[in-house]
Amino acid sequence: MAAALTGKEIILPGPAATFRALKNLLTSAAFWRSLGATLLRGFAGFGLSYLAGLVLGLFSGLSRPFGIIFRPLLVTMRSTPSVSLILLALIWFRADLVAVFVTFLVVFPLVAQNVMDGIRSIDPQLVEMARIYQVKPWRIFRGLYLPAIIPYLATAAASGLGLTWKVTVTAEVMAAPALGIGARMDTARVFLQTPEVFAWTLVVVLLGLLFDRVLENLVEKGIAWR
Amino acid sequence: MKDELTLAQNEFVLKGITKSYGSLRVLDGISLTVEKNRIVAVLGPSGCGKTTLLLLLAGSLSPDSGEILGLDGKAVSFLFQEPRLLDWLTVADNIAFVLKDHFPPAEVEAKVTAVLRRVELTAYRDSYPRRLSGGQRQRAAMARAWAYPSRLLLMDEPYKSLDLGLKLELIRQFLQFWTAEPRTVLYVTHDIKEALLLADEIYLLSAKPTVVRSRYAVPIPRSRRRLDDYSLLALEREITGELLQEEERNLT
């Protein structure tokens, strides 16, 4: 409607212009290569941060001294603006790796925090029961700790993955690697191809929705007992 | 009444157990002996450290001083006030959870099946605890306690939050278990009538700092006990009087 009012696609393209741009993108090989590059960066950053967050979250949830040292570090990481991280990463890394690094730093504290919260949610009375019945520690971990933190792991995965695409694309805009959705968006911006910026945005949103759906299906299977 | 504090045919012996939380002295030299395969009730005013006593026996707390003889590393079953089941495991898996470290899988399976039949929860074997009623959950916890290979069962008012009908039902099932395979039972309760129906012996604890105030043997065989029996009524009155005195001391 706004497009009809101004008549200028440069400011606000209408749906028709956006879909035309999307159609053009979908038929180009460069689109799929850029999409692939962004997916790779996103999953690399997400995977690494999930793993690291899980391990460090477990350590600091299970060991009090470790938690005391680690918690302020987490808060610091979470309150650092992503833009600062991106700027530093631009100095330290190749354009290709900036998005992976930044995604890692943004998602990792989120995962670690969730794992710690999950461990704190465990009912100490159940742990006491298991100890009195002399259940072996590894079975207590598998039977009691792990199931209790699974819902928290799911939350961490959902919000972490959502964040991943936003952060990855933002970092790509600034780092301008040879391939990547963010880089393509920035190029479109430079040439004032606003419909293409909209089309890429739509792609990122759909990406987020798609993986959220997949994750939700996995989670529902994991917590059937509820 | 035997007063010598030696293990001999006893299941366990406590000698002068003390326990403080910070500067608060809870147990102030508890000594008692519990014979094998006896049901022993422990009565006492609120907050006198009955649960602390059970946790010491279960090995999840250590005494500040004194000796516990006969329980070193022994397996102990525990019935808590709450069922303490794992919500994400089925009833059968909850029982198996405490058995798997002790028996091969086939035996675990057989024990679970047998114990569920006894508490009449066979139909619920694959249900999650949240689908059960409060009474059914407490029965599942009782099944776990009896399936577990222990000589000693500690009970911390497991029937406290149930209404009278359920309570009597659970007590009936408890006695069925105990008759079929007797174990030594130490049983903490507030309910004097319950203690008189179930126990061979009753220990009455004092208010904090807690010591054993008195010890009673219930004179009539369990199967012939009726709460309107004259000697039980007399005993009930006596215990009630003492307990009230301790409750009053507790308040001042």
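Residues numbered from 1 in each chain as written. Chains lettered and ligands numbered in written order. Predicted model: local features only at pLDDT ≥ 70, side-chain atom pairs only at ≥ 80, totals over all residues. Heavy atoms only, no water.

1. Observations regarding the domain arrangement of chain B
Residues and elements named next belong to chain B.
Phase 1 of the analysis: You can read the domains of chain B as domain 1 (1-6 + 29-74 + 152-252) and domain 2 (85-150).
Phase 2 of the analysis: If you average the C-alpha positions of domain 1 and of domain 2, the two centres end up 26 Å apart.
Phase 3 of the analysis: Residue-level contacts link 16 residues of domain 1 with 13 residues of domain 2.
Phase 4 of the analysis: Carbon and sulfur atoms supply 62% of the area buried between domain 1 and domain 2, which totals about 1400 Å² over both sides.
Phase 5 of the analysis: Its largest share of buried area at the contact with domain 2, domain 1 owes to Gln173, Phe177 and Arg183, together 47% of the area lost on that side. (Domains from an automatic or database assignment. Contact = heavy atoms within 4.5 Å. Buried area = accessible area lost by both parts, 1.4 Å probe.)

2. Quick notes on the packing of helix α3 (residues 29-62) of chain A against helix α4 (residues 64-79) of chain A
Residues and elements named next belong to chain A.
Phase 1 of the analysis: Put simply, α3 and α4 touch, their axes get as near as 5 Å, and they point 120 degrees apart. When the axes of α3 and α4 are compared, the pair comes out oblique. For the pair α3 and α4, contact is made by Leu56, Phe59, Ser60 and Leu62 and by Arg64, Phe66, Gly67 and Phe70, respectively.
Phase 2 of the analysis: Taken together, the residues that form the contact of α3 with α4 break down as five nonpolar, two polar and one charged. (Axes fitted to C-alpha atoms, helices over the stretch in contact; angles between N-to-C directions. Helix = DSSP H or I, 4+ residues; strand = E, 2+ residues; numbered from the N terminus. Parallel < 35°, antiparallel > 145°, perpendicular 65-115°, else oblique. Nonpolar A, V, L, I, M, F, W, Y, C, P; charged D, E, K, R; others polar.)

3. A short note on the confidence of the model for chain A
Phase 1 of the analysis: Looking at chain A as a whole, its pLDDT mean stands at 87, while 95% of the residues score no less than 70.
Phase 2 of the analysis: Model confidence for chain A, summarised as mean pLDDT per element, is weakest for helix α1 (residues 2-6) of chain A at 52 and strongest for helix α7 (residues 124-132) of chain A at 95. (pLDDT = per-residue confidence, 0-100.)

4. Some thoughts on the nonpolar core
Phase 1 of the analysis: Judged by nonpolar contacts, the single largest core of 124 residues is most densely connected at A:Leu144, B:Phe174 and B:Ile202.
Phase 2 of the analysis: Both domains that furnish three or more residues to this core are identified here as domain 1 (1-6 + 29-74 + 152-252) and domain 2 (85-150) of chain B.
Phase 3 of the analysis: The residues touching B:Phe174, leaving out its near neighbours within four places in the chain, are B:Ile39, B:Met142, B:Trp146, B:Leu153, B:Met155, B:Tyr159, B:Val185 and B:Leu198.
Phase 4 of the analysis: Ranked by size, the runner-up nonpolar core spans 12 residues in total, among them A:Leu85, A:Leu105, A:Val106 and A:Ala175. (Core = buried A, V, L, I, M, F, W, Y, C linked by side-chain atoms within 4.5 Å. Buried < 20%, exposed > 50% of the residue type's maximum accessible area, 1.4 Å probe, protein only.)

5. Some details on α4(A)
All names here are of chain A.
Phase 1 of the analysis: Helix length check: α4, at 16 residues, gives a terminal C-alpha distance of 23 Å against a target of 22 Å (1.5 Å per residue), a fit within 8%.
Phase 2 of the analysis: Where α4 bends most, at Phe70, the angle is about 30 degrees, and the proline Pro72 comes one to four residues later.
Phase 3 of the analysis: If you follow the buried residues of α4, they end up packed against α3 and α6 (95-120).
Phase 4 of the analysis: Of the residues that open α4, the one with a side-chain oxygen 3.2 Å from the backbone nitrogen of Phe66 is Ser63. (Expected span 1.5 Å × (residues − 1). Bend = angle between axes of the 7 residues up to and from the residue. Polar contact = N/O pair within 3.5 Å; in protein donor to acceptor, adjacent residues only side chain to side chain.)

6. Observations concerning the environment of B:Ala195
Residue and element names in this part refer to chain B.
Phase 1 of the analysis: As for its placement among the helices and strands, Ala195 is situated in helix α6 (residues 192-198).
Phase 2 of the analysis: Considering only alpha carbons, one finds Ala195 and Val40, 155 residues apart in sequence, at a separation of 8.4 Å.
Phase 3 of the analysis: Once residues lying within four places of it in the same chain are set aside, the contact partners of Ala195 are Ala41, Leu43, Thr189 and Ile202.

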